[in-house]
Every structure is written in C-alpha cells, then in structure tokens.
Amino acid sequence: MRILMIEDDLALCDALCAQLTSAGYDVDLCTSGTDAPYYIMQKNADLILLDRMLPGMDGLTILKMIRQNQIQAPVILATAMDQIEDRIEGLDCGADDYIVKPYDVKELMARIRALTRRPPQLADTNRLTFLDLCLDLEQYTISCNDTELTLSKKEAALFEYFLKNPEKTLSRELLLSHVWGADCTVEDGNLDNYIHFLRKRLKTLKSNTVLKTVHGVGYRLEHN
C-alpha cells in the first residue's frame, strides 16, 4: 500500500518514513504545500497523511483541492492545533481522520489500518482529473480549486482527450480525428482556434497546467 506523507518537519519525516517502510508501506514524501498538488495527482496514493500547517499552501486548502478533484484516498489530517473547532473544520473540509501532534506512532498505525480496511468507493467515470483540473463530462464544466467554467461540447471533447493523455504529445491528426471525426473535413485553423480557447480557459482558472505547442507535431498538456 502506498502512503503519501505531506509534512515539512524533516525530523518527523525521517522517523515516520522509517517506521512506515518497516511496516511494509511504500512511502512518498512531499515537504512543501506548493508541491503537494503534483504529488497528489501523480502518485496514486492509497492514503494521504497531511500536515495542516505547511509552507506554500496550507493543509486545509490542499484538502479541499483533493476532494474537489474527486480523489477518494483517505486523508489523515495531522496538526498541533487541538481545539475541537479545529478538528471539526478539518473533518468538514473532507478529512477522514484527525490526529494531534505530538502523536504516538502506534496510534497512527492503528488509524491507518482502520481507514484502509474500508471498501474503496467506485470511481466517478464522468470526471477526469489532472493536477488541479477537474473535468465534468456530464455538465461540460471544468474546475480548478474554487473556480468553475462551462465549456462547449468541442472544448469539453478536447479537454477530455488531453486529460486522458496527460504529459503526452498528441498529434494534430489525433486531435482532429477525436473531436471532429476521422471522416470529417475540417480546416487545421479550427483546431488552432480551439487550442486558443482552451488556453484562455486555463488562464482564467489560474491553473498550474499549460497546453504546450510541440512544433511540427501537436500539443501536450503538462505542469506549468
């Protein structure tokens, strides 16, 4: 089982990584809130141990991003803030459990075992995610953090293909075939226009993603 630990206390990271690894878990470590979205989207964690107070982006903001992107991995929120209001806020934002620092590693292990015994929820096949983007294929909307935009059908189809193939160079021919159909006669300029529309959408959303032109080939959706 893979655990993503998002924690900026390096001494605690070293101690926890050693104990979690010895218990048979695979551990990915992120020490900055700024880098957390990339790790969350790329590492396919079975459980996330998330510190509330982080440099760059705080734990509650990261937690909201996790749930807005329909990521179902259980989240244990760790913090030195022990007021009941703090616990309620964390749970209301989407945490599955809450542990107060300093905590006993045995207690943490027990909480991990309890959460990972729960049956996984079925994936929502109508939603696609990559980094901070979430595409709803039923509503034709794309969202990033707290901002949501409505798309045209062709914009949604283009975003769908990019989100299903992130960080891969997609040729112009593939994109034209996917959106307009293999037998449809369409000018190349139409694709360029829609790429322009998608880039404006990403700019409006203030996304950490970018549609990069691969000259002579096509386009690629990647981390900015």
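Computed from a predicted model, the values in this text were never measured in an experiment. (Residues numbered from 1 in each chain as written. Predicted model: local features only at pLDDT ≥ 70, side-chain atom pairs only at ≥ 80, totals over all residues. Heavy atoms only, no water.)

Q: When you look at the sheet that holds strand S4 (residues 75-79) in this model, what are you seeing that I'm missing?
A: Sheet strands associate in pairs through backbone hydrogen bonding, adopting either a parallel or an antiparallel arrangement. Taken together, five strands build an open sheet; the order of strands is S2-S1-S3-S4-S5 and the sheet is parallel. Each having just a single partner strand, strand S2 (26-30) and strand S5 (97-100) make up the two edges of the open sheet. Adjacent strand axes in the sheet meet at a mean angle of 20° when their direction is disregarded. Inspection of the sheet shows strand S3 (residues 47-51) paired to S4 by four bridges, in the parallel sense. Note on S4: the bridge partner recorded for Leu50 is Leu77. Along the sheet, helix H4 (residues 84-92) contacts S4 and S5; its crossing angle with S5, the most-contacted strand, is approximately 145°. (Pairing = 2+ DSSP bridges. Helix = DSSP H or I, 4+ residues; strand = E, 2+ residues; numbered from the N terminus. Axes fitted to C-alpha atoms, helices over the stretch in contact; angles between N-to-C directions. Contact = heavy atoms within 4.5 Å.)

Q: Quick question: what am I supposed to make of helix H7 (residues 172-180) here?
A: In an α-helix, one turn spans 3.6 residues; hence positions three or four apart end up facing the same way. Looking only at H7, the buried set comprises Arg172, Leu175, Leu176, Val179 and Trp180. Considered in projection along H7, the buried side chains sweep an arc of 95° and stay on one side of the axis. Where H7 terminates, the next one or two residues include Gly181, which has phi positive at roughly 100°. (Buried < 20%, exposed > 50% of the residue type's maximum accessible area, 1.4 Å probe, protein only. Arc of directions from axis to C-beta.)

Q: Could you clarify how one ought to interpret unusual backbone geometry in this entry?
A: Peptide bonds are mostly trans, and most non-glycine residues show a negative phi. A cis amide bond links Lys101 to the next residue, Pro102, at an omega of -10°. Not every positive phi belongs to a glycine, and Leu131 is a case in point at roughly 50°. As for its placement among the helices and strands, Leu131 is situated in the loop between strand S6 (127-130) and strand S7 (133-136). Not every positive phi belongs to a glycine, and Lys206 is a case in point at roughly 55°.

Q: Help me understand the environment of Asn165, please; the structure alone is not making it clear to me.
A: Here Asn165 is to be found in the loop between helix H6 (153-164) and strand S10 (170-171). Judged by its relative accessible area of 16%, Asn165 falls in the buried class. Each C-alpha atom, one on Asn165 and one on Glu7, is 30 Å from the other, the two residues being 158 residues apart in sequence.

Q: Teacher, can you tell me more about H6 here?
A: Taking 1.5 Å as the rise per residue, H6 with 12 residues should run 16 Å; its terminal C-alpha atoms sit 16 Å apart, in good agreement. By the criterion of burial, H6 is predominantly enclosed, with nine of the 12 residues buried. Taken as a whole, H6 has its buried residues at Glu155, Ala156, Ala157, Leu158, Phe159, Glu160, Tyr161, Phe162 and Leu163. (Expected span 1.5 Å × (residues − 1).)

Q: Help me understand the packing of H6 against H7, please; the structure alone is not making it clear to me.
A: Packing of H6 against H7 leaves a shortest axis separation of 9 Å and a crossing angle of 130°. Considering their axes alone, H6 and H7 lie oblique with respect to each other. Between H6 and H7 the crossing geometry is right-handed. Only Leu174, Leu175, His178, Val179 and Trp180 of H7 make contact with H6, whose side of the interface consists of Lys154, Ala157, Leu158, Glu160, Tyr161 and Phe162. Per-class residue counts for the contact of H6 with H7 are eight nonpolar, one polar and two charged. (Parallel < 35°, antiparallel > 145°, perpendicular 65-115°, else oblique. Left-handed = near helix turned anticlockwise from the far one by under 90°. Nonpolar A, V, L, I, M, F, W, Y, C, P; charged D, E, K, R; others polar.)

Q: Help me understand the packing of aromatic side chains in this model?
A: Given two aromatic rings, one states the distance between the centres and the angle between the planes to describe the pair. Scanning the model with the defined rule gives two aromatic pairs in all. Both rings, one in Tyr38 and one in Tyr39, keep their centres 6.1 Å apart while their planes meet at 90°; by these two values the pair is edge-to-face. Tyr39 gets classed as partly exposed once you look at its relative accessible area, which sits at 25%. Taken together, a centroid distance of 5.2 Å and an interplanar angle of 80° make the contact between Tyr194 and Phe197 edge-to-face. You can see Tyr194 and its partner Phe197 sitting in helix H8 (residues 188-205), three residues apart, about one turn around the helix. (Phe/Tyr/Trp six-rings, centres within 6.5 Å; stacked < 30°, edge-to-face > 60°.)

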